[in-house]
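The chain contents come next:
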Amino acid sequence: MLEHGGPDLGAQVTWDFSTNANPMGAMAAVTQALARVDRSSYPEPSYQALRESMARAGLGPVARLLPSAGNAEAIRRLSLAAKLAGLGAVWLPVPGYGEYRAAAQALGLKVQTYASIDDLLGRLPRSRTPALIWVCEPCNPTGAPVEAATWVALAQALTKARPAVPHQLAIDQAYAPMRLDGATPMPSALLEQAWQLWSPNKAMGCTGVRAGLMVAPVRRLPRWPDVRELAPSWVMGADGVALLQAWQSPGVQATLKIQREVWAGWMQAQQQCLRDLGWTVQPSVVPFFLAQPPAGTDVPQMLQALREHGIKLRDATSLGLPGWCRLRAMSPEAQRALAAAWPQVWERARPVPRVALDAAHAALAPADAEQGAGAANDPLPHQPEAA
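Quick caveat: nothing in here was measured; it's all calculated off a predicted structure.

Parameters at a glance
Residues numbered from 1 in each chain as written. Predicted model: local features only at pLDDT ≥ 70, side-chain atom pairs only at ≥ 80, totals over all residues. Heavy atoms only, no water. Pairing = 2+ DSSP bridges. Helix = DSSP H or I, 4+ residues; strand = E, 2+ residues; numbered from the N terminus. Axes fitted to C-alpha atoms, helices over the stretch in contact; angles between N-to-C directions. Salt bridge = Lys/Arg side-chain N within 4 Å of Asp/Glu carboxyl O. Buried < 20%, exposed > 50% of the residue type's maximum accessible area, 1.4 Å probe, protein only. Parallel < 35°, antiparallel > 145°, perpendicular 65-115°, else oblique. Left-handed = near helix turned anticlockwise from the far one by under 90°. Contact = heavy atoms within 4.5 Å. Nonpolar A, V, L, I, M, F, W, Y, C, P; charged D, E, K, R; others polar.

Caption draft 1: A look at the sheet that holds strand β4 (residues 110-114). If you walk across this open sheet you meet the seven strands as β2-β8-β7-β6-β5-β3-β4, and the pairing is mixed. On the outer flanks of this sheet lie β2 (65-68) and β4, each paired with one strand and no other. Between one strand axis and the next, the sheet turns by 20 degrees as a mean value, whatever way the strands run. Of the strand pairs in this sheet, strand β3 (residues 89-93) and strand β5 (residues 131-136) are connected by three bridges, and their pairing is parallel. What sits directly across from Val90, in β5, is Leu132.

Caption draft 2: Structural context of the pattern of salt bridges. Per the stated rule, a full pass over the model turns up eight salt bridges. A salt bridge links Glu99 to Arg76; the nearest nitrogen and oxygen atoms lie 2.7 Å apart. Taken together, the residues Glu99 in helix α4 (residues 98-106) and Arg76 in helix α3 (residues 71-84) connect sequence positions 23 residues apart. Exposure remark for Glu99: the relative accessible area of 8% places this residue in the buried category. We note a salt bridge from Arg123 to Asp119, for which the minimum N-O separation is 3.2 Å. With Arg123 and Asp119 both in helix α5 (residues 117-123), this residue pair falls four residues apart, about one helical turn. On the accessibility criterion, Arg123 (29% relative accessible area) is partly exposed. In the salt-bridge network here, residues are joined through shared partners; they are Glu137, Arg179 and Asp181.

Caption draft 3: Geometry of the sheet that holds strand β12 (residues 314-315). As summarised here, the arrangement of the four strands in space is β9-β10-β13-β12, forming an open sheet in which the pairing is antiparallel. Looking at which strands have only one partner, the edges of the open sheet turn out to be β9 (280-281) and β12. Across four bridges, strand β10 (residues 288-292) lies against strand β13 (residues 325-328) in antiparallel orientation. By the bridge assignment, Phe289 is partnered in β13 with Leu327.

Caption draft 4: Fine view of the packing of helix α2 (residues 48-56) against helix α9 (residues 238-247). Contact geometry for α2 and α9: axes closest at 10 Å, N-to-C directions at 20 degrees. Relative to α9, the element α2 is oriented roughly parallel. Crossing angle aside, the handedness with which α2 passes α9 is left-handed. Between α2 and α9, the residues in contact are Leu50, Ser53 and Met54 and Val241, Leu244, Gln245 and Trp247, respectively. Its residues placed into classes, the contact of α2 with α9 shows five nonpolar, two polar and no charged.

Structure representation (structure tokens):
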């Protein structure tokens, strides 16, 4: 099972910095919409009314909109479609969401990684294996955007690439509704040739509702299957339909705009708080970001100690960044709790100074000399330093 932020089997958490869902929790208008859902019957299986509603909201033409059970499910389904279409590889970002790799490996697709879009652009022309190319924008876990000029360069690279079967671009936009600057500068020509994945449950603060939407490219690749036929019947429940419709309502969009301003202030304060504690933080355009504790910190020990204080951070090791953590922006109260716990946490997780090690060895030395040859019987024998 992949590691994720949010609830787990560990001790109860009071301040959960590990998830990248809405820092302010579920929106009232969304929870009210979910409370009104009729769960006594199936949704209409073609989701026609939902697709028409999403088309009116500007996500794309009705014929190109495909419901999903969230982006994790959509990633699995598109990976299967790529396999059936004859694509032999998957390009994915590192650091990045583990679901891309898991889906590819489950199907026997070759996994190729890139550190940045520039890295991808430099290596893609040399690739002769047709591939499904994942781009997450903004990226999880870094919160980094893709600049407009980079999108243009990627579109040009895909046009020039000449594998036996064309590459297929897929853009994961799960965090686009949470962008603090509110914009995703993608060329329309690129969007027409890419699969787009939307899943607003994090922005809505309702990650327990699995719902999303795929926007198909204008033209499918040769042999590309009908992705609708790869989904189970009723891939999205009635609560998912209600969530998507609420997401695009004027009231929720207005609330989201106000919340973004609050998140930005929280994130600025939280990043400064961490800097004051000796951490290194990375910039981000969404209300979560990467941070590295002070040099030499025993990160597993730090995370355990924080957990004992009711605080959970997301270890970024499984995301491709050992020694780093991902944190969402939290309220001032949560930030104060983190800052208050840090001195005790640091006592347990900080590196042991060499002078302290030398002092400990010196304290044992007289006892070792008295023991002589019998030192081997000492229950706490002196241990030689590692080379």
